[in-house]
Structures are given as structure tokens and as C-alpha cells.
Amino acid sequence: MPAFILAEKYVKSRAPKVARPFEGLKLTACLHISKETSVLVNSLRDLGFEITLAAANPLSSQAEITAFLLSRGVVVLGRKGETTDEYQKDILRAARASPDLIIDDGGELHFAYASSGGQTCFGGTDETTTGTTRLRAMDLAGKLRYPVIPVNEAPTKHIFDNKYGTGQSSVDGLIRATGILVAGKTAVLAGYGWVGQGVAMRLRGMGAKIIVTEVNPVRALEAHLDGFAVLPMKEAVAVADIVLTCTGQTNVLSAAIFGHLKDGAIIGNLGHFDVEIDVKKLFDMGTRIEQMRPNVAKIELNGQPKKSVLLLCQGRVINLAAAEGHPPEIMQLSFANQLLSIHYLVVHRKELTRNKTKLLSFPAEIDSLVADLALKGFNLKIDRLSSIQSRYAHSA
Ligand SMILES: NC(=O)c1ccc[n+]([C@@H]2O[C@H](COP(=O)([O-])OP(=O)(O)OC[C@H]3O[C@@H](n4cnc5c(N)ncnc54)[C@H](O)[C@@H]3O)[C@@H](O)[C@H]2O)c1
């Protein structure tokens, strides 16, 4: 049985006499509107929440999922291809739905809730690295008023989702968008964190030559010892057929870099927000722009000689815009963590509101529970420490 269903059973087992333990509570979420999200949202709804869902990206919403969730009484805000303005307005509307709890992916909903002066929320979660960074900044600035669990900090989230999930689904998106042969190509990965490591591993497996660019010396060394070339961005792009950003940072592919790209280079982003490639500047510099395929824009740049670059998915996450995001086997782990974190926030509501620091550490007990459930779900058995080993481990 999948780990997510086991997690749902666990939540129900904590209040066996109550059919809908979250009855009377409002939850607002900002997530990619995908089939995996529908499983989480549907489960939260069955457990009693009244739910409003906004899209975490204007390109990732799936129409059939929206229709399904609407039929289940969920308020869904967001559709594939909406404008940036519509998308931001939807997040604001979601923030104003007086939620008791917030599930977010990237921190935008928490930010919108704080800016619109919301007073009802008593706890929240966030799904990804970029969201955690943003929430930490909000907490330090005193703008986070309720406890938030950074789900990305759970090893059962970032190891499996960011590394293995993004590793596979990004290559899937790259191929669906372009139809290219990966073998023999030179691919630059900007950032060798969880995402960069996963994508590098999978592209290498398909025969690409990998170059890593980094700003963190430890991660640069790690890439080197993993057998990848490490170069500064200007040198790397000069030989690259494919350049993918996975940093969570802004302006990683900027005007200063565009001139160094090879003719025909494919560029795309895997980081949460569309800020890693300076798309506006790239379009401004373009002398001719042609939409070659649904997710590929060819931009001709002036220079000696003239050259073109192929921008994927308008600089938004390739794996969600051009493919279907992570496989369900991965998302069930991330969403088991989400479900159990929401349960944790409800159960520990009183003591958590007393916490001075609002961005919490990820509760280790949830992580071990999800790992145990996942082992069961994957039908894997492992050894346990013997009593001698346990005593040895704890001896002073
Ligand atoms: N596409 C997806 O499905 C998906 C899944 C998970 C995470 N993400 C997003 O991907 C991004 C990266 O996540 P992560 O978990 O790998 O984060 P991480 O912190 O583990 O890694 C990011 C790496 O980028 C490096 N970096 C930062 N600025 C750089 C620059 N200018 N040039 C080169 N390297 C730079 C950092 O040193 C770090 O090693 C985040 O925005 C995260 O939210 C996307």
C-alpha cells in the first residue's frame, strides 16, 4: 500500500471515533494543480477541511484535475496558461479566504497572507527550498506570525523529491519539449544542490557530458569528486548544448552570459521561480522571436556571427510546464510529510503558538514515520539494531 495512504490511515487512527477530525477548519493551499496534488487535497477534504486551492505556477495546472477537484467541492483558483497577473491575483484571493492553515510551495501564499493582514491562520507548511529561504527571511524580519513547518527540510522530502523526482522529471520535460537526443550533448547545470545532483546523475546516465557551475566551494568540490567538470558560467556556456539552472537564485543566466552562449544552445530552468534566467532581457535582446514548439521559443541574437538560443517554458520549471512533474511514487512521500505536518500543527496548536521562532525545525518523528511507511509501501524490509548494538551506540 502506498506510503501516503498509510499516512492517511495513521491520521485517522489518532482520532478513531471521529469521522472527520479536521471538520470546521479552513485550509488554503498553493500547489501545482496536478494529479498528485489532487490526492492530497482530496484526502484533506475527506478528513474535514474546507479547501481553497491556488496554482503554484501559471503553466503547471491540469484542466482535468481542476474539474475533478471542483466536483469535490474544492474552490480552485488557477488554470494552465493564465497570465502572471491572473496567477498573482488568484494567490491573493486564496490568501484572503480566512484560512486556519496554509500549505504553500514557494512561500508566495504565506507572503500574500502576511501582506494582506490575515489574522486567522494558526499554522502552515511549505514544500520547497525556495519557500524555506523566503520564510526564514520573513521570520527574521518578524513578519511570520504563526508556526510553519518547512517540509523541504525532511530528508524523506528533499532526498527523494528534489534529487530523484526532479532528476527524472526534468529530463522527461527536456525531451518532451525538444525531442533531442541527450547522448553526446554537453549539459551545464548551474547549482549542484539536491536538484542539480539529481539532474546531473540522470543526464550522465543518458550519455551527456556534464559541467557544473557553483558558488559554494563544498558543492563545487563534491561535483568534481563525482566526476563532473566544474567551471565558471562564462566558460561553461561557451561549450554547452544545454544549460539548466537549479539554484533558487536570481539572474543566473543574465545579459552578461547570453553573449557567450553557443549558437543553438537550449536554455531552461528547474528552480522554483522564473527568476533564474533573465527572460525579459533575453526577449528585449532578441532581433527575431519564433515559437518553434509549444514550450520552445527560438530567440535570434545580434552578434558576429548571428546566433539563436532556444528558451524552454518561458523560463519556468521545465519538469512541471513541459512534463507532469515528479512521478506519484515520489510525490506520495512529500505529501505524506505534508499531511502529517498539518496533523501535527492541529494536534500541537497550543504549545506551538508559544514558540518565539516561527519557522520550525522539521519534526524528526514525522520523518522517521514517513520513512517507515515508505519502506512498507515499497515492500522493503531492513535490519534493526540488536540490543547489544543499541547499547553500544548509546554507551558514553
Ligand atoms: N523543479 C522541481 O520540481 C523542483 C523540486 C525541488 C526543488 N526545486 C527548486 O529548485 C531550486 C534548487 O533546490 P535545491 O533543493 O537543489 O537547493 P539547494 O540549496 O540544495 O541547491 C542550490 C545550489 O545552487 C547553488 N547556487 C546558488 N547560486 C548560484 C549561482 N549563482 N550559480 C551557481 N550555483 C549557485 C548553491 O550553492 C546550492 O549548492 C530551488 O528553487 C527549489 O525550490 C524545484
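Structure's up top.
Residues numbered from 1 in each chain as written. Predicted model: local features only at pLDDT ≥ 70, side-chain atom pairs only at ≥ 80, totals over all residues. Heavy atoms only, no water.

Summing up its helical and strand segments, the chain has 17 helices and 14 strands in all. Here the C-alpha radius of gyration of the chain, 22 Å, is about what a compact globule of 396 residues would show, namely 21 Å. Referenced to the eigenvectors of the C-alpha coordinate spread, the extents of the chain come out at roughly 75 × 55 × 40 Å. Looking at the chain residue by residue over its 396 residues, the buried ones come to 54%. Of all intrachain contacts in the chain linking residues separated by at least 6 positions in sequence, the fraction that spans at least 24 positions is 66%. Only carbon and sulfur atoms are counted for the fraction: they give 55% of the accessible area of the chain, which is about 18200 Å². Between the mean site of the 45 positive side-chain charges and the mean site of the 39 negative ones, the chain shows a separation of 2 Å. (Helix = DSSP H or I, 4+ residues; strand = E, 2+ residues; numbered from the N terminus. Rg over C-alpha atoms; globule rule 2.2 N^0.38 Å. Buried < 20%, exposed > 50% of the residue type's maximum accessible area, 1.4 Å probe, protein only. Contact = heavy atoms within 4.5 Å. Areas by Shrake-Rupley, 256 points an atom, 1.4 Å probe, with all protein chains shown as cover. Lys, Arg positive; Asp, Glu negative; His and termini not counted. Charge placed at Lys NZ, Arg CZ, Asp CG, Glu CD.)

A word on the nonpolar core. Leu27, Leu44 and Phe49 are the most contacted members of the largest nonpolar core, which totals 45 residues. Within the residue set of this core, elements represented by two or more residues are helix H1 (3-14), strand E1 (26-31), helix H2 (35-46), strand E2 (50-55), helix H3 (63-71), strand E4 (101-104), helix H14 (328-347) and helix H16 (364-377). Counting residues per element, this core draws most heavily on H14, at nine residues. Residues contacting leucine 27, with those up to four places away along its chain left out, are Leu44, Phe49, Glu50, Ile51, Thr52, Leu101, Ile103 and Ile342. Listed in part, the 30 residues of the second largest apolar core include Tyr192, Ile210, Leu310 and Ala322. (Core = buried A, V, L, I, M, F, W, Y, C linked by side-chain atoms within 4.5 Å.)

Before going further, it helps to spend a moment on the site of the ligand. Around the ligand lies a shell of 26 residues, among which Thr128, Thr129, Thr130, Glu214 and Asn319 are the nearest. Here threonine 129 contributes a side-chain N or O atom positioned 2.8 Å from an oxygen atom of the ligand. One of the backbone N or O atoms of valine 195 is found 2.8 Å from an oxygen atom in the ligand. Here the ligand loses 87% of its free accessible area of 860 Å² to cover by the protein chains. Breaking the shell around the ligand down by element, the ones donating at least two residues are helix H6 (129-140), helix H7 (155-178) and helix H8 (194-205). Of the residues forming the shell around the ligand, the biggest block, three residues, is contributed by H7. Split by residue class, the shell around the ligand holds seven nonpolar, 16 polar and three charged. (Near = heavy atom within 4 Å. Polar contact = N/O pair within 3.5 Å; in protein donor to acceptor, adjacent residues only side chain to side chain. Nonpolar A, V, L, I, M, F, W, Y, C, P; charged D, E, K, R; others polar.)

If you trace the six strands from one edge of the open sheet to the other, you get E3-E2-E1-E4-E5-E6, paired in parallel fashion. The open sheet is flanked by strand E3 (75-77) and strand E6 (148-150), the only strands paired with a single partner. Across the sheet, the axes of successive neighbouring strands diverge by a mean angle of 15°, strand direction being ignored. Where E1 and E2 come together, six bridges link them in parallel fashion. Residue lysine 26 lies in a different strand from E2, and its bridge partner there is glutamate 50. (Pairing = 2+ DSSP bridges. Axes fitted to C-alpha atoms, helices over the stretch in contact; angles between N-to-C directions.)

Here eight strands make up an open sheet; going across it, the order is E9-E8-E7-E10-E11-E14-E13-E12 and the pairing mixed. Each of the sheet's edge strands pairs with one partner strand only, and the pair in question is strand E9 (229-230) and strand E12 (286-293). Packed onto the sheet, H8 meets strand E7 (186-190), strand E8 (209-213) and strand E10 (242-245) and runs at close to 170° relative to E7.

Moving on: the pattern of salt bridges. Overall, the coordinates contain 18 salt bridges when judged by the stated rule. For aspartate 372, the salt bridge goes to arginine 384, with nearest N and O atoms at 3.6 Å. Of this pair, aspartate 372 sits in helix H16 while arginine 384 sits in the loop between H16 and helix H17 (387-394), and the two are 12 residues apart along the sequence. By sharing partners, the salt bridges in this structure join Lys35, Glu36, Asp172, Arg176 and Glu324 into a single network. (Salt bridge = Lys/Arg side-chain N within 4 Å of Asp/Glu carboxyl O.)

Although it is not a glycine, cysteine 313 sits at a positive phi angle of roughly 50°. Within the secondary structure, cysteine 313 sits in the loop between strand E14 (307-312) and helix H13 (318-321). A relative accessible area of 2% means that cysteine 313 is categorised as buried. One non-glycine residue, asparagine 379, adopts positive backbone phi at about 60°. With respect to the helices and strands, asparagine 379 occurs in the loop between H16 and H17.

Taken together, the buried positions of H3 are Ile65, Thr66 and Leu69. Taken end-on, H3 shows its buried residues confined to a sector of 100°, consistent with a single buried face. Within H3, the exposed residues directed more than 90 degrees away from the buried face are Ala63, Glu64 and Ser71. Buried positions along H3 lie against H2, E2 and E3. Taken from the residues just after H3, glycine 73 is the one with a positive phi, measuring 85°. (Arc of directions from axis to C-beta.)

Structurally, isoleucine 342 can be placed in helix H14. As a C-alpha pair, isoleucine 342 and tyrosine 10 span 332 residues in sequence and 13 Å in three-dimensional space. In contact with isoleucine 342, not counting residues within four places along its chain, are Leu27, Leu44, Phe49, Leu101, Ile103 and Thr125.

What follows covers the environment of alanine 95. Within the element layout of this structure, alanine 95 appears in helix H4 (residues 84-95). For alanine 95, a relative accessible area of 3% translates into the label buried. When the C-alpha atoms of alanine 95 and asparagine 42 are compared, they prove to be 20 Å apart, with 53 residues separating the residues in sequence. Discounting residues that sit within four places of it in the chain, alanine 95 has contacts with Leu109, Ala112, Tyr113 and Ser116.

Shape is all these values report; function is a separate question.
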